[in-house]
Structure formats: C-alpha cells, structure tokens
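Coordinate analysis (summary)
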Amino acid sequence: MKELCQQFGPERRLIGILTEPSECTPRLGLVLVSAGLLPKFGPYRLYAELARRLAHEPIATLRFDLGGIGDSAQEFDGRPLKERTALEIKAAIDHLCEGHELDGVALAGLCSGAEDAFRAAEADPRVTDVVMIDPFAYRTAGWAVRNLLHRARRRTLRALGVYQPAPPVSGDDQPRLVNYKYMDRPEAMHALETLLARETGVHFVYTAGAREVFNHERQLRAQFSPISLGDRVTLDYFPQIDHTQLLEADRRALIEAITKRLRDSLKQSAPRNRAQFSMRTAPGSF
C-alpha cells in the first residue's frame, strides 16, 4: 500500500490523499466525500482506515477535503454550495480516472457526505457504485410501531430501575451550530430510479445514529415503495453501532461490511462495468 498527497481541480486548490495498492493494479476507484465539517480522515479516522483496508482488494481510494474544509481552499468560489460541492466531487472523479485505468468508480460518504455522494452519482454516468452511511431515511408505518414499542420498553425498564438514560450534556438546550436538512423523499426517489436504470449499485448503511428515522432492515424497501429495488440495492444495518463509530471494533465492522459490498459488486458486474465504463469516459460522453 502507498499513500500520496494530491492536488487537483482547475486551480489545483483541492487537496486529498490517494491510497492505492503498491503492487496490484486497482480495478475500482473510490472517492470518499467529506462528512460534514470533518476533514479527509473522517470521524475517528474512519475514512483513512477504510482507504487502507480497500488497498488490499485492490481498490484505489481518493479521500479529499471539500473546498473550505481541512486543507482545501475554495475551488469554485462564488457558486452556491450545492453546485460547488457537485463540481468538486466531479473534479475528484476526473483526477482518479486520469491516473488509473478502472472498471468503475464508486462514491461514498457519511451523513451529509452520503447525500452529496448520492447526488453526484445521479449526475455522473461514470459512477458504478455509491455507498451511503446514515443517509436520508423516511419514517414508515412500520417505523412508527417499532418506535412505539422501543419507547415503551425503555420506559418500563426505567420504571424498574434497570435502565437509566444518560444525563443531558451541558449546552444541549442551545441552538445547534449546524442543523442539516436531508433531501426530501421525491428527490431521493428520482435519483434512485435514475441510478437503477443505469444499473448502478446503491448500498445503504444505517447505524443506531439513524434510529429516529430508520429502525429495521425491512424499512429500506418500504420507504421507497413502489420502486422495485432489485439486487443492485443492498443494506447493512448496525443498530448497535454509534453514528460516528467511536469504538475501533465498530469501525472495523463497518469497514469490513463496505469492503465486502464493493468487492461483491465489482465481481458480479466487472465485464459489464468494463465495457460501459469505457463508453462513459470516452471523449464527448459528457
């Protein structure tokens, strides 16, 4: 495995770290999109550890700072945030494709990075897979029943003295510095339909951090009804893992799940990806 600092974008103001195998030729490239205001190593170094694990597959990973975060300056100054983010992710994909002959490109991110990756995947036909950790989710009737039972159980355990909720952290009643609003369901449905029509692999990962909107594996298909998700949409659900994976064992479980999904997706679709990816990246294809 080797890691190299990268500068890219029209003005070379975007900064990232490229992690790639030292001997084998990577067949898949992955771009990791910044999680909120965190820089390219990710929460508790999740992105750095994931990139190094994927180098053994072999997958080349570019984790980078969006403009104004970490080491990256504003590359597309003066544009709205959503447009600027889309252009920066496209620049990262361009840079990865210029340096490698790939069968496909995947995008991944956590929280807001997941949604940014999802939007970019919809807009860029080069993307063959997208991985989203705790992205948007939409409450269903099943969610409401399960949530009611969960709350009733907690109240019962609390009354019996078995369960005691954690005390509020000082300052919890203060307004949040960042109050992120996820994309609404119609937008997510449209993007998902676009990706499925292109046979793009879409992988959802939910943790306990999404409990307020997602609380069971069956909810994935229910929240996107009536779309037929088929086998290109997959899910890993970790109700015992925290949103930011403070524990090393939790990060390891998450990393291994993502590694397996990317490995399986590339294995199943390599011949198709190779032909389609060549056409997608041909001159004049954009």
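Residues numbered from 1 in each chain as written. Predicted model: local features only at pLDDT ≥ 70, side-chain atom pairs only at ≥ 80, totals over all residues. Heavy atoms only, no water.

What about the nonpolar core?
Within the largest apolar cluster, 49 residues are counted, with the highest numbers of intra-cluster contacts made by Leu107, Phe118, Phe204 and Phe224. In contact with Phe224, other than residues within four places in its own chain, are Phe136, Tyr138, Arg185, Ala188, Met189, Leu192, Phe204 and Leu229. Core analysis: the next-biggest nonpolar cluster, separate from the first, contains 24 residues, Leu110, Cys111, Val131 and Val205 among them. (Core = buried A, V, L, I, M, F, W, Y, C linked by side-chain atoms within 4.5 Å. Buried < 20%, exposed > 50% of the residue type's maximum accessible area, 1.4 Å probe, protein only. Contact = heavy atoms within 4.5 Å.)

Section: helix H3 (residues 112-123)
Owing to its 3.6 residues per turn, the α-helix brings residues three or four apart onto one side. With 12 residues, H3 extends 17 Å from end C-alpha to end C-alpha; this agrees with the ideal 16 Å at 1.5 Å per step. Where burial is concerned, most of H3 is hidden: 10 out of the 12 residues are buried. Listed in full, the buried residues belonging to H3 are Ser112, Gly113, Ala114, Glu115, Asp116, Ala117, Phe118, Arg119, Ala120 and Ala121. Taken together, the buried residues of H3 touch strand S3 (28-33), helix H2 (81-99), strand S5 (104-110), strand S6 (127-133), helix H5 (185-197) and strand S7 (201-207). (Helix = DSSP H or I, 4+ residues; strand = E, 2+ residues; numbered from the N terminus. Expected span 1.5 Å × (residues − 1).)

Comments concerning the packing of H2 against H3
Between H2 and H3, the least distance of the axes is 10 Å, while the angle of their chain directions is 70°. Judged by the angle between their axes, H2 and H3 are roughly perpendicular. Within the contact between the two elements, H2 uses Lys82, Thr85 and Ile89 and H3 uses Asp116, Ala117, Arg119 and Ala120. Looking at the contact of H2 with H3, its residues break down into 3 nonpolar, 1 polar and 3 charged. (Axes fitted to C-alpha atoms, helices over the stretch in contact; angles between N-to-C directions. Parallel < 35°, antiparallel > 145°, perpendicular 65-115°, else oblique. Nonpolar A, V, L, I, M, F, W, Y, C, P; charged D, E, K, R; others polar.)

Digging into the pairing of strand S8 (residues 233-238)
Most of S8 is tucked away, with 5 of its 6 residues classed as buried. Bridge count for S7 against S8 is 6 bridges, and the pairing is parallel. Bridging across to S8, Val205 finds its partner in Asp236. (Pairing = 2+ DSSP bridges.)

Details of the sheet that holds S7
Read from one edge to the other, the open sheet built from 8 strands follows the order S1-S2-S4-S3-S5-S6-S7-S8, with strand pairing classed as mixed. Strand pairing shows two members of the sheet lacking a second neighbour, strand S1 (2-8) and S8, which therefore form its edges. If you compare each strand with its neighbour and ignore which way they point, the axes differ by 20° on average. Of the strand pairs in this sheet, S3 and strand S4 (residues 59-64) are connected by 5 bridges, and their pairing is parallel. Counted as the bridge partner of Leu30 is Thr61 from S4. Taken strand by strand, helix H1 (residues 46-54) contacts S1, strand S2 (14-20), S3, S4, S5 and S6, and its axis lies near 160° from that of S4.

Observations concerning the layout of surface pockets
Approximately 210 Å³ is the volume found for the second largest pocket. In this structure, the second largest pocket is lined by 14 residues; those nearest its centre are Asp231, Arg232, Thr234, Arg261 and Ser265. Mapped by element, the contributors of at least two residues to the lining of the second largest pocket are S6, S7 and helix H7 (248-280). For the lining of the second largest pocket, the element with the highest residue contribution is H7, accounting for 5 residues. Grouping the constituent residues of the lining of the second largest pocket by class yields 4 nonpolar, 5 polar and 5 charged. (1 Å grid on protein atoms, 1.4 Å probe; cavity = no way out; pocket = protein on both sides within 12 Å on 5 of 7 lines; lining within 4 Å. Points joined across faces, edges and corners; volume = space filled by probe spheres on them.)

Here's the deal with a nonpolar patch on the surface
Where nonpolar side chains cluster on the molecular surface, the patch consists of Tyr44, Leu246 and Leu247 and spans about 320 Å² of accessible area. Among the structural elements, Leu247 can be located in the loop between S8 and H7. (Patch = residues over 30% accessible without salt bridge, like charges linked within 9 Å, V, L, I, M, F, W, Y side chains within 5 Å. Areas by Shrake-Rupley, 256 points an atom, 1.4 Å probe, with all protein chains shown as cover. Salt bridge = Lys/Arg side-chain N within 4 Å of Asp/Glu carboxyl O.)

Some words on the packing of aromatic side chains
How two aromatic rings sit relative to each other is set out by the distance from centre to centre and by the angle between their planes. Throughout the structure, instances matching the rule amount to 10 aromatic pairs. A ring pair is formed by Tyr138 and Phe224, whose centres lie 6.3 Å apart and whose planes are at 75°; its orientation type is edge-to-face. In this pair, Tyr138 sits in the loop between S6 and helix H4 (141-159) while Phe224 sits in the loop between helix H6 (219-223) and S8, placing the two residues 86 residues apart along the sequence. Where Tyr206 meets Phe214, the ring centres are 3.8 Å apart and the plane angle is 15°; that geometry is what we call stacked. A relative accessible area of 0% means that Tyr206 is categorised as buried. Overall, the relative accessible area of 0% leaves Phe214 in the buried class. Site record: aromatic cluster; members linked through ring pairs are Phe118, Phe136, Tyr138, Phe204, Tyr206, Phe214, Phe224 and Tyr237. (Phe/Tyr/Trp six-rings, centres within 6.5 Å; stacked < 30°, edge-to-face > 60°.)

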